[in-house]
Each structure stands twice: as structure tokens, then as C-alpha cells.
Amino acid sequence: DLGVLQVNTDGSGDSPGEHVFVGRVRKEVLERSYVGAIVTDRRDGEQSNQVVGADARLVVKKHLTLLGLLAGSSDTRVCAAGWTTQLGAQWLSDLLQADVNYVDVGDAFTPAVGFVRRHDRMIGSRVAFKPRPGWRHVRQLEVTPNAVAYHDHQGIPQSSEFGVSVATYLESGDRLFAKFDTQSEFLTDPFEINPGVVLGAGRYKWTSGEVSFQTFDGRKLSGSAEANIGHFYTGTQGSYEFGLDYRPDKHFSVEASYEFNDVDLREGAFRTHLIGVKSNISFTNSLLASAYAQYNNTGSLAALQVRLNYIFRTIDNVYLVYNETRYTNGPQAGRSNRSLLAKITYSLHR
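Residues numbered from 1 in each chain as written. Predicted model: local features only at pLDDT ≥ 70, side-chain atom pairs only at ≥ 80, totals over all residues. Heavy atoms only, no water.

Undergrad: Just to check I follow, could you spell out the layout of surface pockets for this structure?
TA: If a probe as big as a water molecule is rolled over the atoms, it shows which places are left empty. There is about 700 Å³ of room inside the largest pocket. Considering the residues around the largest pocket, the lining is formed by 30 residues, among which L69, T84, V103, V105 and F109 are closest to the centre. Residue assignment for the lining of the largest pocket shows that the elements contributing at least two residues are β3 (33-43), β4 (48-59), β5 (64-75), β6 (82-92) and β7 (96-105). The element that contributes the greatest number of residues to the lining of the largest pocket is β4, accounting for six residues. Each residue belonging to the lining of the largest pocket can be placed in one class, and the counts come to 18 nonpolar, six polar and six charged. (1 Å grid on protein atoms, 1.4 Å probe; cavity = no way out; pocket = protein on both sides within 12 Å on 5 of 7 lines; lining within 4 Å. Points joined across faces, edges and corners; volume = space filled by probe spheres on them. Helix = DSSP H or I, 4+ residues; strand = E, 2+ residues; numbered from the N terminus. Nonpolar A, V, L, I, M, F, W, Y, C, P; charged D, E, K, R; others polar.)

Structure representation (C-alpha cells):
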């Protein structure tokens, strides 16, 4: 498999125009395995950034998979080359699923195409025991202890999470879930978690519990509910999510979601609301439309996306997409950002 992406942008104001290139090659080997490589290049008139990487996924046994990645970056703004590595293993079977993963992102690793969430070392593991007990109405159980820890390159702990979850899959397709975990976070600098609420630098540790229920989404009317309650940094948090999905027939569906967070910290209290509505319409097998609207009170931001998709040939599409975001409050109230995008995919070799 070979993929190539070339993008050129015009300059705007003090920002110069840019050249962006991505090349990706992947070769299937053995059975269900591959090796691959990637090259990215981003530059303007003054600065440049390059990344070269290789990765592999090797299925050495029926259930055992080994994963690996090595990548390096070069940037005119960074004196030294940066490196990142990843090693992992997975065991996947119906009764047992387990994985262990190690990632090391160097302090100088800087990919200008994409992003790095954090520069440190991570080691994590998860084991899911999934018996089928043969109980009435119960299809399968899943008990999953998990652990993940982050350290900086001097060995100082940064973040961690240790927990265990229990999921029950019913014959009806419904799912019950419960989780208990302990988390820790080391803030090297003060962190404004919400406007006007600033957490001081230091180490924090808290525990929380979560329960949720999700109905089978093959019904005309399905839904989900989730509650996460417990300690959070210097105080407490209650997080609640609700979802409702209505599908009267195969041509139309509408989904509504609502998320509410009630956070009470020593430094201050705040509440957040996130509301979303999404609908899909299939006029024919080849003409589809969707619309998604969302409102977030934290940023006083409303967003809308409308997409029309015409499939004129198998895997070949035409998209027409309209996006709009609008500030509803604050100093930027009334300001909006609108875009209209047309996209076509056409396969030359079939």
C-alpha cells in the first residue's frame, strides 16, 4: 500500500505560505502482519521539519501479536534530533485479552505534521478475562484490571491510573458496566482547569467510580446513561452523560446527547454542559446527508456541520460540507467562522 499527500498553502498576514508532504508505504507480510514506513516534511521560507519512521505489526501465533515503532524528527528550531519508540504485545482470544505497551517520546521529538500529547515515558498493561458463564440472559462477562504510568526522562512520576472494570453483556444486546479507579497527576506549572479556577503546581491523587448502561442499538429506540462520581484534584466531581438514538427505518436516524459536569474544588466550583444532536438521511443507496449541531457552554461556542455525500461509483465519492462555529457569549459574542468544502475521490485503478 502506498499513500502520498501534498499540500501547499498561501501566506496570510505575518504567516508565510507552507509546503506539507506525507508519504506512507506498508507491505503485508506473513499472515495478518505488515511492516511500514512514513516520511513527513513541512517547511516555509524560514523553518523546516522532517520526520522519518518505521513500524511493524507481527502476528507470531494465532492469538499473539507484537507491535513496534521507531521514528525520528529534525527541526530547524531544535538543536538535537528527537526520537520516539514504541514496543507492545497483544494476546487476543475469546476468553482472554491482554496487552502491554511501552512508549518513549523524547523531549526533542517534534513532528510538525501531527502532534505529541506529552514528552515522557509510558508503560501500561490491561488484562480482560471474558468468560461465558451460561447464565440466563447473560451472554458474556468481562473483568478488566488495568494500569498505566507516565514518567519523565529523569524518572519522576508524572501521571498514573490503576483500576478495575466489570462489564456484563446480555443476550438482548444490552450492556452493564462498572469501574473503580485511582488516578494521580503531577502538575509542573499552575493549571487553569476552568476560567478563573487555577490549580497550583504539585502532585494530586484521587479515586472515582463509574457506572453505565447501554441498550442494544439495533432497536428503533435505544439509549445510554453514564455516571462518574468521586474525588477530583482538590475536591469532587460528578460527571453524567445521556444519549438517545431514534431509528424509525433504515433511511433516517437522529441521535441526541447531553453531558453535564459538576466540579467543586477548593480553588472554585464550576459546571459544564455539552449538548449535541446528529441526524442521518439516506435518500438512496448512493445519496446520503448528515447534520451535526453542538453547544458547549464553557467556551460559549455553538457548532454546525452539514454534509452531503454522493457515491457515484463503488468507493468513489463526492462530498459537499458546510461548517459553522459561532460564539454565543463573551467578548467575541456574535462572531462566527464559516467554511464550504467540496471533495471528490476517484479511483484510477480498479
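Still more ground to cover, so stick around.
Undergrad: Would you explain the pairing of strand β20 (residues 301-313) in this entry?
TA: Looking down a regular strand, the side chains alternate between one sheet face and the other. Sheet topology places strand β19 (residues 287-296) next to β20; ten bridges connect them, and they run antiparallel. Counterpart to L287 in the pairing with β20 is Y310. In this antiparallel pair of consecutive strands, β19 and β20, the connection spans four residues, and S300 shows a positive phi of 50 degrees. Note: β20 against strand β21 (residues 316-327), twelve bridges, orientation antiparallel. Bridging across to β21, R313 finds its partner in D316. Connecting β20 to the next strand, β21, in antiparallel fashion are two residues, including I315 with a positive phi near 65 degrees. (Pairing = 2+ DSSP bridges.)

Undergrad: Whenever I open this one, the packing of aromatic side chains confuses me. Can you help?
TA: For any pair of aromatic rings, the description consists of the separation of the ring centres together with the inter-plane angle of the planes. Taken as a whole and assessed by the stated rule, the structure comprises seven aromatic pairs. Judged by centre distance (5.3 Å) and plane angle (70 degrees), the rings of Y204 and Y233 are edge-to-face. Of this pair, Y204 sits in strand β14 (residues 202-214) while Y233 is found in the loop between β15 (221-232) and β16 (235-249), placing the two residues 29 residues apart along the sequence. Since its relative accessible area comes to 11%, Y204 is described here as buried. Both rings, one in Y240 and one in F260, keep their centres 6.3 Å apart while their planes meet at 15 degrees; by these two values the pair is stacked. Here Y240, found in strand β16, pairs with F260, found in strand β17 (residues 252-265); they are 20 residues apart in sequence, far enough to count as distant. With a relative accessible area of 27%, Y240 lands in the partly exposed category. Here the aromatic cluster, defined as three or more aromatic residues joined through ring pairs, consists of Y204, W206, F232 and Y233. The lysine or arginine in question, R26, covers the ring of Y34, its NZ or CZ lying 4.7 Å from the ring centre. Above the plane of the ring of Y150 lies R118, whose end atom (NZ or CZ) is 4.0 Å from the centre. (Phe/Tyr/Trp six-rings, centres within 6.5 Å; stacked < 30°, edge-to-face > 60°. Buried < 20%, exposed > 50% of the residue type's maximum accessible area, 1.4 Å probe, protein only. Lys NZ or Arg CZ within 6 Å of the ring centre and 35° of its normal.)

Undergrad: Got a minute to help me understand the side chain of D181 in this structure?
TA: Structurally, the position occupied by D181 is in strand β11 (residues 175-187). Note on D181: relative accessible area 6%, which makes it buried. Side-chain polar atoms of D181 contact the side chain of S208, separated by 3.0 Å. (Polar contact = N/O pair within 3.5 Å; in protein donor to acceptor, adjacent residues only side chain to side chain.)

Undergrad: What is the right way to look at the pairing of β11 in this model?
TA: Bridge analysis of strand β10 (residues 157-170) against β11 gives eleven bridges, and the strand direction is antiparallel. The partner of V166 across the bridge, within β11, is A178. Linkage of β10 to β11, two consecutive antiparallel strands, is achieved through a turn of four residues, within which G173 is found at a positive phi near 95 degrees.

Undergrad: What exactly am I supposed to notice about the side chain of S73 here?
TA: Within the fold, S73 resides in strand β5. Among the polar contacts made by the side chain of S73, one reaches the main-chain amide nitrogen of T110 at a distance of 2.9 Å. Residue contacts for S73: discarding those within four places in its chain leaves Q50, V51, A81, G82, A108, F109 and T110. (Contact = heavy atoms within 4.5 Å.)

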